[in-house]
Amino acid sequence: MRLTKQFILLFCFLDALSRHSYAQCAIQGKLVDTLRAPIAFNPVGLLNFKDSSIIKGVMTDINGNYCFEGLKKGSYRLQISAIGFNTFYSDKIEYDSATAQIIPDINLRSNGINLNEVSIAAQKKTVEYKNGNVIVNIEGTALAMGNTAYELLSRLPGVTVSDGNISIQGRSGVKILIDGKLQQASGQQLMNILKSMNASQIEKMEVLKKPPVKYDAAGTGGMINIKTNKLKIVGFSGSVFGNYSQGFYGNPSGGFTLNYKGRKINFFSGFTAAQEWRRINEDFNNDFDYNSITTSVQTKNTIKEHHHSETYNLGADWFINKSNSIGIKMNGAFGMGNVDNLSTTKFSDVNAGYQSMELNSQKPNPWIYPEFNINAEHLFDTTGTALRFSANYNPYWDIYAANFDNHYFDANNNNASIPSIFKTSNTLTFTNSDALLDFEKEFKKEFKLETGIKHTYQEMISDYYLKNQNYTTGDYIIDTTYSNVLNYQQNISAIYLNLTKQYKKFSFQAGARGENTVINTVSQSNGLGFNRQYFNVFPLASIDFKKSDNHTFSLSYNKRVNRPDYNMFNPFPTFINSLSVHKGNPFLKPEYSNDFGFNYSYKTWMYQSVNYTRLVNAFMGYNSQNDSTKSSTNSAANLKWADIYSYNLFIQKDIFKWWSVNLNASVFHVDGKGIINNQPYRFTYIAFNPNLYSRLSLKKGYSIEVNAFYLTPFLEGIYNTKSRSSVSMTFKKTFFEEKLSVALAFNDIFWGEVRRTTIEYQNIKMTGLQTFDTRRINISINYNFGKLKVEQRQIKDIEPEGKSGK
């Protein structure tokens, strides 16, 4: 420990010596003690005067001098804590972006207490509401302990997750961002990424209902931006964490981070590993009407999922001078999944030639997802003129294999037919790359311009085969009907412009994003394919009126798109089991949304919004049933239109200083119409989704957090889904001046996350019950180390894509 402290002081000393000029300081000054001696190597926090959020943190040099560079026009204040001194808060500091502010020497007063650690901290609210978006701060809360990013999604206000499908206030087509970067992966690939991301790596999650035009236009349901932890600690810092979760099975996980933040260089690294076992029980009842005979089919599935994943990240930022910086980053994940399913299907008659069927299947899924990023930034001045560049290259590799062993029995449980044994494999090779250039300029009179260009390229090669086993010889023979190699390429070129203007009590924003999309697909097996090209403009406009500090009103409009991905396009069937296949639709059109919104906020604790969204070519998944073979095919189609009306109420209130409550309630009405499976289809439903989050901060480092949600019955495509709910509670205790945290969590206490569904659609009559391994007990331990700590309450909501942070 003594050696570690010496290394930290050495690096702080070398870092401070590198400061040779303060000519470009926006705000500067000096720290001294009661004897006028300089206070060296001490952190200084710069706060936003209005809401006390920390803007930056720097450290004094050997002479006690501090310097803040690259600040925008605004009102600030200083917050300083030091060993043995009272915490100091400065008066209001006005900075006009042109004239440097030299602060008189700050004389810190002794408090007679000797601390082992210096800290600047500002308590942040767990849930915040800004510009119609909901922000959930994960870092430092019990949510960060023992969860994955995927598990946190269902705890976000207004967000529902069902079978991997994510929706916001009844709107599907939600896209996931990680640090502002759109995730090109979908389906199981996206689930692998989210499940491998430990919540301790996450700073906050932003539910963006109206994303700015600098982001991709994809996502008719909005976006969820997962912002990972940034370096806010001067000197060496890091953490070690571990978690054990017990449900039907026990799941361990753990990892570490190690970082260094200096004046010229940032270095960050981390590693996590997790094992996960989950149990799913399914009961389905189907009726098949064929030749005036109704056959009832009962299927029971006992599914055991096992996944192990490892994630890593390694990167560095080099601040070349006051105007230029460059960063590199390498991160990714790799793992192995397997799904074992023991299925029993019973028939009410023997028209199929047997009375029952038993299926034993295994679906191994090895995967590797590396990601590489390079980024750079140039600051032209201190008024906010900046040019940013970022490029990403992500070569993904996946294998979805499956072994199916089907046995058929008569009423006496004797073999009624030759077993059907076959195996499938789908090797996916992805190449995802993109590059962007962003420019922003702040003019006088509170006018701002943002513009940029971006190009995204995605290529996917799917090599799928099916092999049937010869029961006599045991040899596997390829079935060319169900074997194919598909090549899918997508190029998207984009340009955007956004203007914002503040005039008295009004704020105006107008922007547009143009995207040209080119899609090429071809089957290497039979040469069939198709090409598509289309150009769209996606406008965004908003007007805010701040009547007073208590009342703010806002009107907004934006347009977005949801493009079919490679899974939805691929027309070649892939087997789910022996009686169910998935088949894509190559004729799917892009889905477009036009969203109109009105927001009203009262003081800082109540927010209300009303939205209307018109979806054109709305996507809808559906099943088609073959009554003679008792099989079904899953596919997707475009509805002609769908209308979504929603009302949202958000209340954030501190009942006492130690007790905060956040309530988010959404009501949404959905109405749609179109042609599905060659027949007219019309649907309508209303749903209510309240979320509650409460935090009690008790004495001696104890805290209690409660998270609950309820979702009324609603319609998921053709599935009528009954209500479900969840209540989770976490007890947390901190030790050693909050360096060590221990949490005990009880998730889904009443086991309410059960999915009950019915289908009455065309010739399909089905009921289903699915129970998941969601009722669990978690115990988590997290230890943070680092000599100098600066905790940040909030930072800029929308950061440049790919930038690793400063």
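For clarity, every value in this text was computed on a predicted model and none was experimentally measured.

The rules behind these values
- Residues numbered from 1 in each chain as written.
- Predicted model: local features only at pLDDT ≥ 70, side-chain atom pairs only at ≥ 80, totals over all residues.
- Heavy atoms only, no water.
- Helix = DSSP H or I, 4+ residues; strand = E, 2+ residues; numbered from the N terminus.
- Rg over C-alpha atoms; globule rule 2.2 N^0.38 Å.
- Areas by Shrake-Rupley, 256 points an atom, 1.4 Å probe, with all protein chains shown as cover.
- Lys, Arg positive; Asp, Glu negative; His and termini not counted.
- Charge placed at Lys NZ, Arg CZ, Asp CG, Glu CD.
- Buried < 20%, exposed > 50% of the residue type's maximum accessible area, 1.4 Å probe, protein only.
- Contact = heavy atoms within 4.5 Å.
- pLDDT = per-residue confidence, 0-100.
- Phe/Tyr/Trp six-rings, centres within 6.5 Å; stacked < 30°, edge-to-face > 60°.
- Lys NZ or Arg CZ within 6 Å of the ring centre and 35° of its normal.

With respect to the overall build of the chain
- The number of helices and strands found in the chain is four helices and 49 strands.
- For 806 residues, the compact-globule estimate of 2.2 N^0.38 gives 28 Å, and the C-alpha radius of gyration of the chain, at 29 Å, lies within 12% of that figure.
- Considered along the principal axes of its C-alpha atoms, the chain spans approximately 100 × 55 × 50 Å.
- Of the accessible surface of the chain, which amounts to about 35500 Å², a share of 58% is contributed by carbon and sulfur atoms.
- Between the averaged position of the 85 positive side-chain charges in the chain and that of its 67 negative side-chain charges there is a distance of 7 Å.

Some words on the environment of Leu314
- Relative to the assigned elements, Leu314 resides in strand 22 (residues 293-319).
- Accessibility expressed as a relative area gives 39% for Leu314, which makes it partly exposed.
- Setting aside its immediate chain neighbours within four residues, Leu314 contacts Phe267, Phe268, Ser269, Ile328, Lys329 and Met330.

Brief notes about the confidence of the model for the chain
- Taken residue by residue, the chain gives an average pLDDT of 86. The fraction at 70 or more is 92%.
- Ignoring residues within four places in sequence, the model shows residues 112-122, a span with pLDDT below 50, making 37 contacts including any to other chains.
- For the stretch residues 788-806, pLDDT sits under 50, and the model shows 92 contacts to residues farther than four places along the chain or on other chains.

Side note on the packing of aromatic side chains
- For the structure shown, the criterion picks out 37 aromatic pairs.
- Seen in terms of ring centroids, Phe443 and Phe447 are 5.5 Å apart; in terms of plane orientation they differ by 35°. Their pairing is tilted.
- On the basis of relative accessible area, Phe447 is assigned to the partly exposed category, the value being 29%.
- Between Tyr488 and Tyr566 the ring centres are 6.3 Å apart and the planes differ by 70°, which places this aromatic pair in the edge-to-face class. Placement of Tyr488 in strand 29 (residues 484-503) and of Tyr566 in helix 4 (residues 566-569) is noted, with a sequence separation of 78 residues between them. Tyr566 carries the same exposure label as Tyr488, and that label is buried.
- Aromatic rings pair up to connect Phe430, Tyr488, Phe530, Tyr566 and Phe569 into one cluster.
- The ring of Tyr465 has Lys467 lying over it, and the distance from NZ or CZ to the ring centre is 4.8 Å.
- Of note, Arg755 hangs over the ring of Tyr719, and the distance from its end group to the ring centre comes to 5.4 Å.

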